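Chain and residue survey
The lines below spell out each chain.
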Amino acid sequence: MYGAGVCGSLFAARMYEVGHDVSLLARGGRLTALRRHGVQLAEGDNAAVRRVPVPVIEHPGCEYDLITVFVRTHQVDAVLESLAGVQGDVLFLLNWAAGPESLGTVIGHERVLLGFPITGGAMDGDVIRYRKSSFLTRRVAMPIGEPDGRTSPRLERIVRTFRTAGINAKAEPQMATWLRTHAAFEVPLGQAVHAAGGPEALAEEPDAVRGMLHLMRQNLAAMETPPVPRAFAALRALPQGLLVAGLRRFLKSPTAVHSGLNDPSPAMAAELEHLTEQLRAPARAR
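Computed from a prediction, not measured in an experiment: that's the story for all the values here.

Glancing now at the packing of aromatic side chains. All chains considered together, the criterion is met by four aromatic pairs. Both rings, one in Phe-11 and one in Phe-162, keep their centres 5.8 Å apart while their planes meet at 85 degrees; by these two values the pair is edge-to-face. Residue Phe-11 is found in helix 1 (residues 6-17), and its partner Phe-162 is found in helix 6 (residues 153-164); the two are separated by 151 residues along the sequence. The same class applies to Phe-11 and to Phe-162, which are both buried. Here the aromatic rings of Phe-185 and Phe-232 are separated by 5.5 Å at their centres, their planes lie at 70 degrees, and the arrangement is edge-to-face. Within this pair, whereas Phe-185 is found in helix 7 (residues 175-196), its partner Phe-232 is found in the loop between helix 9 (206-222) and helix 10 (234-237), the two being separated by 47 residues in sequence. Just as Phe-185 is buried, Phe-232 falls in that class too. Connected via pairs of aromatic rings, a cluster forms that spans Phe-11, Phe-70 and Phe-162.

Take a look at the structure:
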């Protein structure tokens, strides 16, 4: 697991707890904290903290069955360089709207898989506070796909492996389009939340939510292919008033409040900037 933030740490802990051979790569102060205390997890606002002694490393080894990358969009280039000489398939579970071509150019096209982590949480010091599961979150599956859309044996194996750890994964035949659709929605959302000072603050500004929706619609209209999942087409088809009301309810929900949307860090701003650049460029398939 490359990247020891919220998602990387959560995934590593769950995989470790069901008996998989997992290493979690971290750097700096995060590495020190993990070596001292392990991955520290708390559900929502619960005071109880669970410690999971996941093995941590500072540099990748020589060969792995699977390298799963959880970093921000603007950090991918540095990760690619560090993995060029490491053997193993690489699953990029992150925001990425540029298609698989640039990833494969550095590490080899045959190694690349794409996906997106359907999970949420926030760092509270060294403790990861993850959102409580609900009927809705349990039904939403994490999409993973091959760049060419086929359901390969390795993809089926990876999906099964995540499911053994209680991670609801599924094969997605249009993963590159899925990620581009998500970015078309995520960039205006993230920028509006950042400008307002948080999701709950944005929910109290109907005009700002309407402006955010307008940018989402512009992004979706500029896409070369229909959105995936198709439900995102509703952002262009449904009445504005209905959508604004729905978005405001979402912004007040625990899903939004206990998520990366509440991260005002420079890293979040840099990621949104890079995603904006990727959306402006034509999508590139393998």
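What follows is about the sheet that holds strand 9 (residues 127-130). Strand order in this open sheet of four strands is 3-2-9-8, and the pairing throughout is mixed. Each edge of the open sheet carries a strand with a single partner, namely strand 3 (50-52) and strand 8 (121-124). Neighbouring strand axes in the sheet, compared pairwise and without regard to direction, differ in orientation by 30 degrees on average. As judged from the four bridges shared by strand 8 and strand 9, these two strands associate in the antiparallel manner. Pairing of Asp-124 across the sheet is with Val-127, part of strand 9. Lying on the sheet, helix 2 (residues 28-37) is in contact with strand 2 (39-43), strand 3, strand 8 and strand 9; it crosses strand 2 at an angle near 85 degrees.

With that out of the way, let us pick up the nonpolar core. Among the nonpolar cores identified, the biggest contains 34 residues, and Leu-24 and Phe-162 are the most heavily contacted of them. Elements supplying a minimum of two residues to this core: helix 1, helix 2, strand 2, strand 6 (87-93), strand 9, strand 10 (142-145) and helix 6. Top contributing element to this core by residue count: helix 1, with seven residues. Look past the residues within four positions of Phe-162 in its chain and what remains in contact with it is Phe-11, Met-15, Thr-68, Leu-91, Leu-93, Met-142, Ile-144, Ile-167 and Ala-169.

Sheet architecture is open: five strands sit in the order 5-6-7-10-11, paired in mixed fashion. Since the sheet does not close on itself, it has two edges, and those belong to strand 5 (63-69) and strand 11 (169-171), each with one partner. This sheet shows a mean twist of 25 degrees between the axes of neighbouring strands, independent of strand direction. Sheet topology note: the strand 7 (residues 112-115)/strand 10 ladder contains two bridges and is antiparallel. Within the sheet, the bridge partner assigned to Gly-115 lies in strand 10 and is Ile-144. With respect to the sheet, helix 7 is in contact with strand 7 and strand 10, its orientation differing from that of strand 7 by roughly 40 degrees.

On to the side chain of Ser-253, then. Residue placement: Ser-253 occurs in the loop between helix 11 (240-252) and helix 12 (254-257). The buried category is assigned to Ser-253, whose relative accessible area is 17%. Here Phe-250 takes part through its backbone oxygen, which lies 2.6 Å from a polar atom of the side chain of Ser-253.

How each quantity is defined
Residues numbered from 1 in each chain as written. Predicted model: local features only at pLDDT ≥ 70, side-chain atom pairs only at ≥ 80, totals over all residues. Heavy atoms only, no water. Phe/Tyr/Trp six-rings, centres within 6.5 Å; stacked < 30°, edge-to-face > 60°. Helix = DSSP H or I, 4+ residues; strand = E, 2+ residues; numbered from the N terminus. Buried < 20%, exposed > 50% of the residue type's maximum accessible area, 1.4 Å probe, protein only. Pairing = 2+ DSSP bridges. Axes fitted to C-alpha atoms, helices over the stretch in contact; angles between N-to-C directions. Contact = heavy atoms within 4.5 Å. Core = buried A, V, L, I, M, F, W, Y, C linked by side-chain atoms within 4.5 Å. Polar contact = N/O pair within 3.5 Å; in protein donor to acceptor, adjacent residues only side chain to side chain.

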